[in-house]
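For reference, the chains in residue letters:
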Amino acid sequence: MGRYILRRLMWTVVVVIIVTLITFVIFYVLPSGDPALRFAGKEPTAQVLAQVRTDLGLNHSVAVEYLLYLKRLFLGDRYGWPGLGFSYSSGAAIAPQLWQRAQITIQLVLGAAVLWMLIGIPVGVYSALRPRSRFDRASLFVGLVFISTPVFWLGLLMLWLFSSTLGWLQGTGYVAFTTDPVQWAAHMLMPWITLSLAFAAIYARIVRSNMLDTLGEDYIRTARAKGLPERRIVTRHALRASLVPIVTLLAVDIATLVGGTVIVETVFNLQGLGSWVLYGALNQDLPVTLAVTLVATVAVCLLSLVADILYAYMDPRVRPE
Amino acid sequence: MIDGTRTRPLLEVQSLTKRFPLTRGVIFAHSRGAVHAVEDVTFTVARGRTLGIVGESGSGKSTTARMIARLIDPTSGTIAVDGTDITRLVGADLRTLRQQVQMVFQDAYGSLNPRQTAGQIVGAPLRVHHVPGDRRAHVAGLLERVGLNPEHAARYPHEFSGGQRQRIGIARALALSPTLMILDEPVSALDVSVQAHVLNLLTDLQDEHGITYVVISHDLGVIRHLADRVAVIYLGRIVELADAAAITAPRHPYTAALVSAAPAQPGTGTGTTRQRIVLTGDAPSAITLPTGCAFHARCPKARLISGDPHRVPERCRSERPPLGPDADGRQLACWYPLESGDDLIGAAQAMAIPVSGAQA
Amino acid sequence: MKSRLTALGLGLCVGGAAVLLAACGSSSSSTSSGTRGGTYRVEATDFGFSNNFDPTGEYTTNAWGMYRGLLIRTLVGYKMTAGAAGNQLVPDLATSVPTATDGGLTWTFTLKSGVRYAPPVNRVITSHDIVTAFERIAKPALAAQYGFYYTTIAGMDTYASGKAKTISGITTPNNQTVVFHLTTPTPDFLYRLSLPAAGPIPQEVSKCFTTPGGYGRDVVSSGPYMIQGSDKVNIASCSTIQPMAGFDPSSKLIMVRNPNYNPSTDSTSMRTALPNEFAFTINSNQADIFNRIKAGQADDSLNAPPASAVATLVASNQKQLIKTGGADATKYISMNLTQAPFDDIHVRKAVNLIMDKAGLQQANGGPLFGLIATHIVPDTMYNNDPAITGYNPYPSANNAGDLAAAQAQMRQSKYDPKQDGLCDTSACKNVFTIAVNTSQDLNEIPVVQSALAKLGITLNIRQLTPSAASGVVSTVSRNVPLALSQGFAKDYADPSTFMVLFESSSIAPTGNVNASLVGLTPALAQQLGVTIPKGDVIPSVDAQAAACGKIPTGNARTTCYINLDKYLMENVVPWVPYLSLNQVHMISPAVTTWDYDQSSDTTAYSHVAVNPAKQS
Amino acid sequence: MSPPLLEIDDLTVHFPSAAGPVRAVDGLSLSLERGQTLGVVGESGSGKTVTFLAAMRLLERSRPEIHGRILLDGVDVLTLPAREMREIRGPRIGMIFQDPLSALHPLLRVGDQIAETVRAHRDVGRRDAWAQSVAALAQVGIPNADERARQYPHQLSGGMRQRVMIAMALILEPDLLIADAPTTALDTTVEAQILGIIDDLRTRLGIGVVLVSHSLATVADVADTVAVMYAGRAVERGPCQAVFAHPSHPYTWGLLDTVPALGAERSRLVPIPGSPPSLIDPPPGCRFAPRCAYRFDACTRHLPELVERGGGHADACVLPVPGRGARRNRLEPPGEEAAA
């Protein structure tokens, strides 16, 4: 198992290097226009432009540029690690902001993931145990509502209801856990709920259908034929098998959300990666977009690694001998 | 007129070997041994005749079939069809070979595209190989030939029964008028009453078109019914190769065990108290092959020779018996072939009793 | 300065309701006297800084407003009030506004005594700190984004290339005197010294920052406030300097009182410095910002309020919470003099005549968001000189366009062979046009389309993001015939900052600001790979611009530029100017005093006050 | 006289479907004495598996309509409350299935799967239960049982897995073992081992065994009595030797004829024409009549009941005596028809 993890880790590194190559081509080779111009301001003299190019490492051949890019990325640059330079539009260093924003996004996504699992799994299991029951139909309907409700609308509605009207919860913004845990939770609760409801609905349906499939498996029949109590059949036999595929799904969803919580972050004014990538896109700020893209892809790589290891832990059949 | 090529066997397999390498390594894989799926298998099949290959699961019989159909590449050895070495064919030549050699699979349902109609499935080879002529009529003729209603060409696989699906698979294989058909467990997924229909169909087709068959099965009854010659394969090697009629009087102890395990002819003889040679344990791992004769650990005859149910003769353990002809012309790989009067049943029962009797 | 205009324009969100506000569009300063104390809270969807708040390179209105009102005192500055008075230079760090000597080549300043840096530096500001600022401007590695304003100082280039250890053109006879020696007379040099990059910078801190934007996290204040946490920064060595706690580019910029600020060195006409604290925070939810301002949870915003929010306030009789100020910015349609059919001046005049400027004004949210422009430089930049106010070379009833006059012009062009007042040739069909895809700019597209259709001109429109549009338009080889929703705002209150857009020396292959290519010579055209249509001569204003630039600031200079403006409008016609943009602010009921800083086009932070009791 | 170990009396199992009830089992009666093996033979869809799933009350998720009685030691299991039924499964009846790979939980160690059976019914500790399961594995002839118990199903060979299933079914020492086609998925050499183990345990433990199979030959080796099922009904029943040697129902003849057997001369197989009938809308009269080479008018009008013909050998056929019991005298069957 250790060797397997090591091998997967090495492959993850290889994938990350390939990802850097792809991002390099997308962000450095393909765009037309000179990024130096964007940074040098109005009426730059040739001298200033040349200096900015040197600074951005833009005056080399493509291959050398890529190597420099890799070097900065893996060894860091004067703005910190990983070396992603500075934002063309705000002039601020990328790396420190990246870490700070990643923290917020990770808190948002992990909290939401916990929440949607806490909702989705019990609802899915209960629906599967009583398919086509009133509960099943109601959960399907409510789930469809959550899935089809635009997230920004849901967020605004929650803000209006719980913050402006009822005043139960804090509105927008972020308070660090280390500053004030209670305020942290009060600020994060609505974003968590907003982000998780659609996922909870989807996961409930997936758990339900996995569970229904599993309950039809021969080994469940065997468990019944052994006279096991129904509760044990559901929890130890059926649920366990039903949750194995969820692990991969969860990892992929979390990884996708690392760069994809734009709307929730914007509505609730959380300065995470999602709102940043939106900023980067709107301002054609390539280093920002590049940074989030890299983090998101690395997140996908790492989380799929974690998912595979967890999968192997949960399912002995895929465990390497 | 007798043509030189006509007298050659249609299929010649020489020293065919397949090893699936087992690799490990962090980034650069290095070999850590191999699964010896097929080892040094040699046989020929005459035109219009049938070779049966029988063995347990994991014995390498399906791997052999797939190599002949060029679905997987052999590690070494040669395969010749109609005098042409096909072992390394690529491109257009391989496509031509695919017309000549067709395969019918055990799992008819799994090998049929559920989104295509029966007509499309059967017509697909015609389309792929650009066979000229009225394709629709051709497909109708094929369906009719395998005993399906041509009007059902528009139906999908799930609308057919298991036997009918296997007929669709056979019709597809027939579409390009192959000279050689590889039948991999053609009836083992079918109900008893349906098996007979398919087996009869296969016999009829061979009679009509002179197709050469290689039949793979674990069921000696099916093999005996279809084949002219039978190869018994154990852990990737042929241990006995004989005429079908002679296989019921086996000389290799492993063949004897298979024969005794096969369903006896009912309604005849004294009744139901059939005695079987019950082999001990499972077939050994194909990764670390046993020394000497691969069957020695389970062989009852070896115990008869040694006189001790827990010992085998040194020769069986250290030297691998070569496959060679015996007096009757059958090929055999055994140091101590069966003699009449050998009580293999008793020897096998003795083997099953543990040495110390420690088990509760 | 396009990037600045884009930044302020992004926030605009316009609906038809805003046109109702015509009547209230002129208020600027709140007159009730403010009280000391409290926190002035400003929210924004982002700061939009261009150099991470490092004054050497920072080139955005929002930052300039903060610097001038709160953090950075320059040798000469402004009163930071609304209107033409806000564009007048007054002494700030210097004891007086000097005049040039030595034939306009030498400028000498004496610094006020007793002005001290905020913590952690704490010492008295000397003439050497001005030198440090210019050394930073000169260093290419720091990418001073408007360094081009200082190229006439002797020795900047040799210092930049590393050939000299000091800037020969800046001398410090003593700690309180700084002398600038120029290579050529630069009459607007004082304005250039009023820009924040020219403010004092302590070398002991700035030496630690060698990358663009780095110093932005540790700006040492010379003004009444300082970045929160300044006093906690340890400047014992470069390695101990941490970013000031009060500034986080992704969330906040907090400023507190500078304990070393001595009001006696300043004047209340420039800075009253009433609130105890300024808090600029990021809130990515724009609607939430204005809800919070209305509820007294925030006081002001760097974003313009959406027209709907403005309309709500007006409807509830709270229009005193809406504040505007002239942005000294012009919005215009740019025509490329080398591209058919705009290579014909009659077509360009016809386009000016036919344009429905009232429609475009409404598309931008109505008069509150901008007054109709009839020429290039906003009137305030000319001190509202009567020679230009009311000037309109292409008049029409209700500013809705004059079809008859436009068609008369079209008949004179080479593109109307049928003489029907319509452009008949294929040159007018599907004219490639760049448009901008912000909401108010998208509103403009149908207005322009339907106006030009009356002349037989149809457009092939590409809608791009603001920066993508500016990238395409500023690349000469793209040969963009027509660009909509262009904007330009002043850097300082001299018309030359506009006129530079029409000088041939501004033409560059990329990053070109002279999009009309006024003054393009055949030689330059060949160099750039641009074809000048046969028979055309591209007009030039290089001589006039150069002449005006040499006149010392004052009425004569203003008159020269007014004439150049008129000449451009009548004899070159590179633009269709249609709006003099306004800055619109929504403030909270807790704001007791508010003024507009004309010099920076922002809230005058030095003249605001809040009543903490009304904040929630 | 004590009641039989298992007695199935006029069992009917109908599954609801959109097209009408599927008559999976339709009036079936069987019985089994303690210490005996009952072989139940039939093709897929004959109702053989459904019958014994009904006896285990494992069909409830399909919401079938069940009539008749299934008596275990005289107690009708169909009427038991769920809680008591749970005490039947395992302690009274053990069951093993066709495909041991899918019947074992893929994510649990085989030892745990056996141990949890013990712990569900007996008050024993975790360690005790584990020891018992290791002992049970050893008993079914698994070498290194201690090590094997810690493995997962996919790490075992097919024969091993089925041994695990047997160990699991028998660990509570039930009175009845239901083996549903336990060797279908296995090699013939392994089949012999498995059947040997089942038979050995039957004699040692004195339990009753129901051996369900699609092959008469398989059953013939170990069964005392045999029942042949067709379309939800028993068509022939009797002592194994009698049925095997002297099959009396044309369907049984057909079953035996269609198997390519080893010893016989190689000749053309005689298949049963046609295909099994619809269970939703079965043919009138004898279910086998449409495929029967010997049918006559009465067959399609009259649904024959099992009638004992002596020696415990019963069949459900209206065919009069000619050819009965003597294969060689049988009428020449008609030619093969296409299955389509």
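No experiment lies behind these values; they were computed from the predicted model shown. (Residues numbered from 1 in each chain as written. Chains lettered and ligands numbered in written order. Predicted model: local features only at pLDDT ≥ 70, side-chain atom pairs only at ≥ 80, totals over all residues. Heavy atoms only, no water.)

1. As for the overall build of chain A
- Counting its regular elements, chain A contains 13 helices and 0 strands.
- Each of the three principal axes of chain A carries a C-alpha extent, and together these read 85 × 60 × 35 Å.
- Per-residue burial for chain A yields a buried fraction of 51% across its 321 residues.
- Of the contacts made within chain A by residues no fewer than 6 positions apart, 66% connect residues no fewer than 24 positions apart.
- Carbon and sulfur atoms form 70% of the exposed surface of chain A, whose accessible area is close to 14,500 Å². (Helix = DSSP H or I, 4+ residues; strand = E, 2+ residues; numbered from the N terminus. Buried < 20%, exposed > 50% of the residue type's maximum accessible area, 1.4 Å probe, protein only. Contact = heavy atoms within 4.5 Å. Areas by Shrake-Rupley, 256 points an atom, 1.4 Å probe, with all protein chains shown as cover.)

2. Side note on the packing of helix H9 (residues 218–225) of chain A against helix H10 (residues 230–258) of chain A
Residues and elements named next belong to chain A.
- For the pair H9 and H10, interaxial distance at closest approach is 10 Å and the crossing angle is 160 degrees. One way to sum up the angle between H9 and H10 is to call them roughly antiparallel. Viewed along their axes, H9 and H10 form a crossing whose handedness is right-handed. Here Tyr219, Ile220, Ala223 and Arg224 of H9 come into contact with H10, specifically with Glu230, Ile233, His237, Ala238 and Ala241.
- Partitioning the contact of H9 with H10 into residue classes produces 6 nonpolar, 1 polar and 2 charged. (Axes fitted to C-alpha atoms, helices over the stretch in contact; angles between N-to-C directions. Parallel < 35°, antiparallel > 145°, perpendicular 65-115°, else oblique. Left-handed = near helix turned anticlockwise from the far one by under 90°. Nonpolar A, V, L, I, M, F, W, Y, C, P; charged D, E, K, R; others polar.)

3. A word on the sheet that holds strand S4 (residues 106–110) of chain C
Residues and elements named next belong to chain C.
- If you walk across this open sheet you meet the 3 strands as S4-S6-S5, and the pairing is antiparallel. Each end of this open sheet is capped by a strand with a single partner; those strands are S4 and strand S5 (170–174). The average angle at which neighbouring strand axes cross in this sheet is 20 degrees, direction not considered.
- Across the sheet, helix H3 (residues 127–138) lies against S5 and strand S6 (177–181), angled at about 170 degrees from S5, the strand it touches most. (Pairing = 2+ DSSP bridges.)

4. Describing the domain arrangement of chain A
All names here are of chain A.
- When the domains of chain A are assigned, the result is domain 1 (2–75) and domain 2 (96–318).
- Taking only C-alpha atoms into account, the centre of domain 1 sits 33 Å from that of domain 2.
- On the side of domain 2, 16 residues touch domain 1, which itself brings 16 residues to the contact.
- Carbon and sulfur atoms supply 77% of the area that domain 1 and domain 2 bury against each other, a total of about 1,300 Å² over both sides.
- Inspection of the domain 1/domain 2 interface yields 1 salt bridge.
- Viewed at the interface, domain 2 and domain 1 are joined by 1 residue pair in polar contact (both at pLDDT 80 or more).
- Those elements that provide at least two residues to the side of domain 1 that touches domain 2 are helix H1 (2–29) and helix H4 (62–75).
- At 12 residues, H1 tops the list of elements feeding residues into the side of domain 1 that touches domain 2.
- In the side of domain 1 that touches domain 2, the residues fall into 11 nonpolar, 3 polar and 2 charged. (Domains from an automatic or database assignment. Buried area = accessible area lost by both parts, 1.4 Å probe. Salt bridge = Lys/Arg side-chain N within 4 Å of Asp/Glu carboxyl O. Polar contact = N/O pair within 3.5 Å; in protein donor to acceptor, adjacent residues only side chain to side chain.)

5. Points about the pairing of strand S10 (residues 233–239) of chain D
All names here are of chain D.
- Of all 7 residues in S10, 5 are buried; the element is thus mostly enclosed.
- Pairing analysis gives 6 bridges linking strand S9 (residues 225–230) to S10, with the strands arranged antiparallel. Note that in S10 the partner of Val226 across the bridge is Gly238.
- Connecting S9 to the antiparallel partner S10 that follows it, the hairpin turn spans 2 residues, and Ala231 within it adopts a positive phi of roughly 50 degrees.
- Bridge analysis of S10 against strand S12 (residues 314–315) gives 2 bridges, and the strand direction is antiparallel. Its bridge partner lying in S12, Glu236 is registered against Asp315.

6. Describing helix H6 (residues 134–148) of chain A
All names here are of chain A.
- Here H6 is 15 residues long and its end C-alpha atoms lie 21 Å apart, about the 21 Å a rise of 1.5 Å per residue gives.
- Buried within H6 are the following residues: Asp136, Ser139 and Gly143. Projection of H6 onto a plane perpendicular to its axis shows the buried side chains occupying an angular sector of 65 degrees, all on one side. In H6, the exposed positions that point more than 90 degrees away from the buried face belong to Arg134, Arg137, Phe141 and Ser148. (Expected span 1.5 Å × (residues − 1). Arc of directions from axis to C-beta.)

7. Examining the sheet that holds strand S3 (residues 50–54) of chain B
Residues and elements named next belong to chain B.
- With respect to topology, 8 strands assemble into an open sheet ordered S6-S7-S8-S3-S9-S10-S12-S11, the strand pairing being mixed. The sheet terminates laterally at strand S6 (101–104) and strand S11 (324–325), the two strands that pair on one side only.
- Here S3 runs beside strand S8 (residues 212–217); their pairing, made up of 5 bridges, is parallel. Paired with Ile53 across the strands is Ile216, a residue of S8.
- Sitting on the sheet, helix H2 (residues 61–68) touches S3, S6, strand S7 (180–184), S8 and strand S9 (229–234), and the angle it makes with S7 is about 155 degrees.
- The sheet strands contacting helix H7 (residues 162–174) are S6 and S7, and the helix crosses S6 at an angle near 175 degrees.

8. Some thoughts on the side chain of Asp595(C)
Residues and elements named next belong to chain C.
- Relative to the helices and strands, Asp595 resides in the loop between strand S18 (591–593) and strand S19 (596–597).
- Despite its burial, Asp595 pairs with no opposite charge, the nearest such side chain being Lys323 at 8.9 Å.
- Within the local environment of Asp595, its side chain forms a polar contact with the side chain of Thr81, the two groups lying 2.7 Å apart. (Lys, Arg positive; Asp, Glu negative; His and termini not counted.)

9. Points about the confidence of the model for chain A
- Per-residue confidence for chain A gives a mean pLDDT of 86; residues scoring 70 or more make up 93%.
- At the level of individual helices and strands, chain A shows its lowest average pLDDT in helix H2 (residues 35–40) of chain A, which scores 65, and its highest in helix H5 (residues 94–129) of chain A, which scores 94. (pLDDT = per-residue confidence, 0-100.)

10. Comments concerning the side chain of Asn258(C)
- Tracing the backbone through its elements, the reader meets Asn258(C) in the loop between strand S9 (252–257) and strand S10 (277–282).
- Residues contacting Asn258(C), with those up to four places away along its chain left out, are Arg116(C), Tyr117(C), Ala118(C), Pro119(C), Ser221(C), Gly223(C), Pro224(C), Tyr225(C) and Met226(C).

11. Brief notes about the packing of H5(A) against helix H12 (residues 273–282) of chain A
All names here are of chain A.
- Closest axis-to-axis distance for the H5/H12 pair is 8 Å, and the angle between their directions is 135 degrees. It follows from the interaxial angle that H5 and H12 lie oblique. Residues Ile94, Gln97, Leu98, Arg101, Ala102 and Thr105 of H5 lie in contact with H12, whose contacting residues are Leu273, Gly274, Ser275 and Trp276.
- Looking at the contact of H5 with H12 residue by residue, the classes come out as 5 nonpolar, 4 polar and 1 charged.

12. Details of the environment of Ala198(A)
Residues and elements named next belong to chain A.
- Secondary-structure assignment places Ala198 in helix H8 (residues 181–215).
- Between the alpha carbons of Ala198 and Val151 there is a distance of 8.3 Å; along the sequence they are 47 residues apart.
- When sequence neighbours within four positions are dropped, the list of residues in contact with Ala198 reads Phe146 and Ile147.

13. Brief notes about the packing of aromatic side chains
- The full count for this structure, using the stated rule, is 45 aromatic pairs over all chains.
- Relative to Tyr251(D), the ring of Tyr230(D) lies with its centre 4.6 Å away and its plane at 50 degrees, an arrangement referred to as tilted. Taken together, the residues span a long stretch of sequence, with Tyr230(D) in strand S9 and Tyr251(D) in helix H11 (residues 250–258) at a distance of 21 residues.
- The exposure class assigned to Tyr230(D) is buried, which follows from its relative accessible area of 2%.
- Given a relative accessible area of 0%, Tyr251(D) falls into the buried group.
- Pairwise contacts between aromatic rings join Tyr59(C), Trp64(C), Tyr146(C), Phe148(C), Tyr149(C), Tyr191(C) and Tyr492(C) into one cluster.
- A cation over an aromatic ring shows up here: Arg315(B) above the ring of Trp335(B), its NZ or CZ 3.8 Å from the ring centre.
- Here the guanidinium or amino end of Arg217(C) rests over the ring plane of Phe247(C), the centre of that ring lying 5.7 Å away. (Phe/Tyr/Trp six-rings, centres within 6.5 Å; stacked < 30°, edge-to-face > 60°. Lys NZ or Arg CZ within 6 Å of the ring centre and 35° of its normal.)

14. Side note on the state of the cysteines
- Using the criterion set out here, one finds 3 disulfides over all chains in the structure.
- One disulfide bridge connects Cys548(C) with Cys560(C), the sulfur atoms lying 1.9 Å from each other. With the S-S bond torsion at -80 degrees, the cross-link from Cys548(C) to Cys560(C) turns out left-handed. Of this pair, Cys548(C) sits in helix H16 (residues 542–550) while Cys560(C) is found in helix H17 (residues 555–572), placing the two residues 12 residues apart along the sequence.
- A relative accessible area of 1% means that Cys548(C) is categorised as buried.
- Classification of Cys560(C) by relative accessible area gives buried; the value is 18%.
- Residue Cys334(B) stays outside any disulfide, its sulfur separated by 6.0 Å from that of Cys299(B), the closest cysteine.
- Take Cys334(B): its relative accessible area is 18%, and that puts it in the buried class. (Disulfide = S-S within 2.5 Å.)

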